[in-house]
Amino acid sequence: MSKSKPAGHRTTTWSAYNDALRKRGSLLIWVEKEMAWHAPHEGRSGRPPVFSNAAIQFCLSLKVLFKLPLRQTVGMVASLLRLAGLDWTVPDYSALCRRQKTLKVQI
């Protein structure tokens, strides 16, 4: 009985292979400038929420995706908004903690 050759792939274009490996590590986060970051006034009594559900959802999605604590999530969101050229305020970690109890994170 003869031995079969092991299946293998020989890379001949190393530059294309290196580019493909580099692209695997790229990260794209889409932030729309038209997104309602601040919550609209609801007309109910009591203090209205400052940040919209979309803003909280964005922050909590990053928290879940990168397995971050709330304070580190706030720092990451602040740096992402700064990189995007947006001067939006970032929800405090206590606001995220309070709102994550009632808001379902959908990824």
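Residues numbered from 1 in each chain as written. Predicted model: local features only at pLDDT ≥ 70, side-chain atom pairs only at ≥ 80, totals over all residues. Heavy atoms only, no water.

### Thoughts on the overall build of the protein chain
Check the secondary structure of the protein chain and you find 4 helices and 0 strands. Sequence-ordered secondary structure for the protein chain, helices as α and strands as β, is α-α-α-α. A compact globule built from 107 residues should have a C-alpha radius of gyration of about 13 Å, whereas the protein chain, at 22 Å, is more than 25% larger. Oriented by its inertia axes, the alpha-carbon framework of the protein chain measures out at about 85 × 35 × 20 Å. (Helix = DSSP H or I, 4+ residues; strand = E, 2+ residues; numbered from the N terminus. Rg over C-alpha atoms; globule rule 2.2 N^0.38 Å.)

### A few points about the environment of Lys-101
With respect to the helices and strands, Lys-101 occurs in the segment after helix H4 (93-100). We classify Lys-101 as exposed; its relative accessible area is 67%. For the pair Lys-101 and Leu-21, spaced 80 residues apart in sequence, the C-alpha to C-alpha distance is 39 Å. (Buried < 20%, exposed > 50% of the residue type's maximum accessible area, 1.4 Å probe, protein only.)

### Quick notes on the environment of Ser-26
Of note, Ser-26 is situated in the loop between helix H1 (14-24) and helix H2 (53-66). Look at Ser-26 and you get exposed, because its relative accessible area is 55%. It is 38 Å that separates the C-alpha atoms of Ser-26 and Pro-48, two residues lying 22 residues apart in sequence.

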